[in-house]
Amino acid sequence: MDLTPDQAALAVERHDCPNCDAPAGSACRTRGGKTAAKYHTPRFVLVPALREELDVPVPADRGPGRAWKQGLALAVVPAPRTERPVRIGYARTSTARQELASQLEALHRAECHKVFQEQISTRVKVRPELEKALARAHQFKEAAPDTRSSSPSTNSSAWPATRPS
């Protein structure tokens, strides 16, 4: 993350939270009515500089773990900038003799922001890294439902609509 924690918090708090409905200018809140320890993913992915982060902590001065209080309302919420799409990659091999390098290189050339990789048999029904990749993609889609999905440059069947069986 190129931003300091305070800069990240200010950037995230320019947006309303689609997850907990915290208004712009406030930290996220938990279901129990306390200030959350981390900003919700659907909120911080709205900040282009934070899209690749796995979590963004709420600064201590916002009182994480204490009763939630609404922050100062922001006068103007800036319009979102148009950025290139976020790309999530997944590479898998099923045996130790196979190598991931060519797949990883292709995903790097496709400018994937986050690449999940694993060595696991095709017969295994549960693929943890694939699950993480799909969960991340769903978080981005929930955060920006009106954006168009992009398909990979190599093979459109590489992006399953649902978890493979």
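The model shown is predicted, which means the values in this text are computed figures rather than measured ones.

Account for unusual backbone geometry, naming residues and giving values.
Of all residues except glycine, most have a negative phi; of all peptide bonds, most are trans. Of note in this structure, aspartate 21 is not a glycine but carries a positive phi near 60°. By the element assignment, aspartate 21 lies in the loop between helix 1 (5-12) and strand 1 (38-39). The phi torsion at glutamate 111 lies on the positive side, around 60°, for a residue other than glycine. With respect to the helices and strands, glutamate 111 occurs in the loop between helix 3 (101-109) and strand 4 (114-119). The partly exposed category is assigned to glutamate 111, whose relative accessible area is 47%.

Could you give me a rundown of the side chain of glutamate 118, with the residues and numbers involved?
By the element assignment, glutamate 118 lies in strand 4. Arginine 127 is the oppositely charged side chain nearest to the buried, salt-bridge-free glutamate 118, at an N-O distance of 5.6 Å. Among the polar contacts listed, one links the side chain of glutamate 118 to the backbone nitrogen of glutamate 129, at a separation of 3.2 Å. Once you skip the residues sitting within four places of it in the chain, glutamate 118 turns out to touch Tyr90, Ala91, Arg92, Thr93, Leu100, Arg127, Pro128, Glu129 and Leu130.

Lay out the pattern of salt bridges with the relevant residues and their values.
Using the criterion set out here, one finds four salt bridges in the structure. Of the charged contacts in the structure, one is a salt bridge between arginine 62 and glutamate 13, with a shortest N-O distance of 3.0 Å. Note that arginine 62 is positioned in the loop between strand 2 (56-57) and strand 3 (88-93) and glutamate 13 in the loop between helix 1 and strand 1, a separation of 49 residues in sequence. Residue classification places arginine 62 among the partly exposed residues on the basis of a relative accessible area of 23%. A salt bridge links glutamate 105 to arginine 109; its shortest N-O distance comes to 3.7 Å. Of the two residues, glutamate 105 and arginine 109 both sit in helix 3, four residues apart, roughly one turn of that helix. Three or more residues are tied together by salt bridges with common partners; here these are Glu13, Asp61 and Arg62.

Conventions and cut-offs
Residues numbered from 1 in each chain as written. Predicted model: local features only at pLDDT ≥ 70, side-chain atom pairs only at ≥ 80, totals over all residues. Heavy atoms only, no water. Helix = DSSP H or I, 4+ residues; strand = E, 2+ residues; numbered from the N terminus. Buried < 20%, exposed > 50% of the residue type's maximum accessible area, 1.4 Å probe, protein only. Lys, Arg positive; Asp, Glu negative; His and termini not counted. Salt bridge = Lys/Arg side-chain N within 4 Å of Asp/Glu carboxyl O. Polar contact = N/O pair within 3.5 Å; in protein donor to acceptor, adjacent residues only side chain to side chain. Contact = heavy atoms within 4.5 Å.

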